[in-house]
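Inside the fold
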Amino acid sequence: MGQLQAGIIPVTAFQQNCTILFDSDDKRGVLIDPGGDNDQVLHAIQSNGIIIEAIWLTHGHIDHAAGAMDMKEALAVDIVGPHEADRFLLESLEEKALQYGISGNVRNCTPDRWLSDGDTVSFGDHLFEVLHCPGHAPGHVVYYNKKAKFAHVGDVLFNGSVGRTDLPGGDHAVLINSITTKLLPLGDDIGFICGHGPGGRFGEERRTNPFLND
């Protein structure tokens, strides 16, 4: 098997980082957080010859999951994650689309598999540990690959910031606890992709992120 590689496609007005993780040799991989602009995402998958084996969700917010059901049908794959505590969010995506005035084919989402802390998911030889990291959303999960020293953290942690906690189920103290007890102990050299904007490394966030140094 080849190296773990990632492609990022910012989608919708939220500029959410829809992410393709794939093996550099056989081009098999997974799609993380298809939040919309599915035609653009499908074009990127097909033009790069990538074979998607599953859709992984970090959490149930509309900017991360709005396109999941349509992509499931287009790719004929299962939806995996997040933690079941986000069921209420995934079951209200259509309602949220009306509230936010979002056009397009937003559909409520039913995952094929819920995830729990300590579960593992994989494609090929690329194994990821599932870390349940509530705070931004109660069912938020992070995907961590120890061998590659890499994590997809969704909206838990950002470059210089942390996830917002003013949405239903959000809790700032719980979020900070998730970061300080689940993510930072993995090591300063862990690189991450997040749900919006540029990624980074845990060590830099530990040292300089103002939300972690109050």
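Here is a short report on the structure shown in this document. Since the model is a prediction, treat every value here as computed from it, not as a measurement.

We now examine the overall build of the protein chain. Counting secondary structure elements, the protein chain contains seven helices and 13 strands. Since a compact globule built from 214 residues should have a radius of gyration of about 17 Å, the 16 Å found for the protein chain is in line with a globular shape. Along the first, second and third principal axes, the C-alpha set of the protein chain runs to 45 × 45 × 30 Å. Considering the protein chain as a whole, with its 214 residues, one finds that 50% of them fall into the buried category. Pairs at least 24 residues apart make up 59% of the contacts formed inside the protein chain by residues separated by at least 6 positions. By element, 48% of the accessible surface of the protein chain is carried by carbon and sulfur atoms, the whole surface being about 9200 Å². Separation of charge centres in the protein chain, based on 15 positive and 29 negative side chains, amounts to 5 Å.

The subject of this paragraph is the sheet that holds strand β9 (residues 150-154). In spatial order, the strands read β6-β7-β8-β9-β12-β13; together these six strands make up an open sheet with mixed pairing. Since the sheet does not close on itself, it has two edges, and those belong to β6 (120-123) and β13 (200-201), each with one partner. Direction of pairing for strand β7 (residues 126-132) relative to strand β8 (residues 141-145): antiparallel, over a ladder of four bridges. Within β8, the residue paired with Glu129 across the bridge is Tyr144.

Taken as a whole, this structure holds 13 salt bridges when the rule is applied. We note a salt bridge from Arg28 to Glu53, for which the minimum N-O separation is 3.4 Å. A residue pair is termed long-range when its members are at least 10 positions apart, and Arg28 in strand β3 (residues 28-32) and Glu53 in strand β4 (residues 51-56) qualify at 25 residues. On the basis of relative accessibility, which here comes to 35%, the residue Arg28 falls in the partly exposed class.

The subject of this paragraph is the packing of aromatic side chains. The tally for this structure, following the rule as stated, stands at five aromatic pairs. Relative to Phe202, the ring of Phe192 has its centre 5.6 Å away and its plane inclined at 25°; by these criteria the two rings are stacked. Linking Phe192 in strand β12 (residues 191-194) with Phe202 in helix α7 (residues 202-208), this pair joins segments that are ten residues apart in sequence. Taken as a pair, Phe192 and Phe202 share a single burial class, namely buried. Members of the aromatic cluster, joined through ring pairs, are Trp56, Phe123, Phe128 and Tyr143.

Bringing the side chain of Asn38 into the picture now. Within the secondary structure, Asn38 sits in helix α1 (residues 38-47). The exposure class assigned to Asn38 is buried, which follows from its relative accessible area of 16%. In terms of polar contacts, Asn38 uses its side chain to reach the backbone carbonyl oxygen of Gly67, at 3.3 Å. Excluding anything up to four places from it in sequence, Asn38 contacts Gly67, Asp70 and Met71.

Below, the discussion takes up the side chain of Asn17. With respect to the secondary-structure elements, Asn17 resides in strand β2 (residues 16-23). Engagement of the side chain of Asn17 in a polar contact is seen with the backbone oxygen of Cys194, the distance being 3.0 Å. Of the polar contacts made by the side chain of Asn17, one reaches the backbone oxygen of Gly197; its length is 2.9 Å. Not counting chain neighbours up to four residues away, the residues in contact with Asn17 comprise Ile8, Ile9, Pro10, Ile32, His152, Cys194, Gly195, His196 and Gly197.

For the rest of this paragraph, the subject is the nonpolar core. Counting 28 residues, the largest nonpolar core has Leu31 and Ile45 as its most contacted members. For this core, the secondary-structure elements that each account for two or more residues are β1 (4-11), β2, α1, β4, α2 (62-65), α3 (68-75) and α5 (93-100). Formed by 20 residues, the second largest nonpolar core is a distinct cluster that contains Leu131, Val142, Tyr144 and Leu212.

What counts and how
Residues numbered from 1 in each chain as written. Predicted model: local features only at pLDDT ≥ 70, side-chain atom pairs only at ≥ 80, totals over all residues. Heavy atoms only, no water. Helix = DSSP H or I, 4+ residues; strand = E, 2+ residues; numbered from the N terminus. Rg over C-alpha atoms; globule rule 2.2 N^0.38 Å. Buried < 20%, exposed > 50% of the residue type's maximum accessible area, 1.4 Å probe, protein only. Contact = heavy atoms within 4.5 Å. Areas by Shrake-Rupley, 256 points an atom, 1.4 Å probe, with all protein chains shown as cover. Lys, Arg positive; Asp, Glu negative; His and termini not counted. Charge placed at Lys NZ, Arg CZ, Asp CG, Glu CD. Pairing = 2+ DSSP bridges. Salt bridge = Lys/Arg side-chain N within 4 Å of Asp/Glu carboxyl O. Phe/Tyr/Trp six-rings, centres within 6.5 Å; stacked < 30°, edge-to-face > 60°. Polar contact = N/O pair within 3.5 Å; in protein donor to acceptor, adjacent residues only side chain to side chain. Core = buried A, V, L, I, M, F, W, Y, C linked by side-chain atoms within 4.5 Å.

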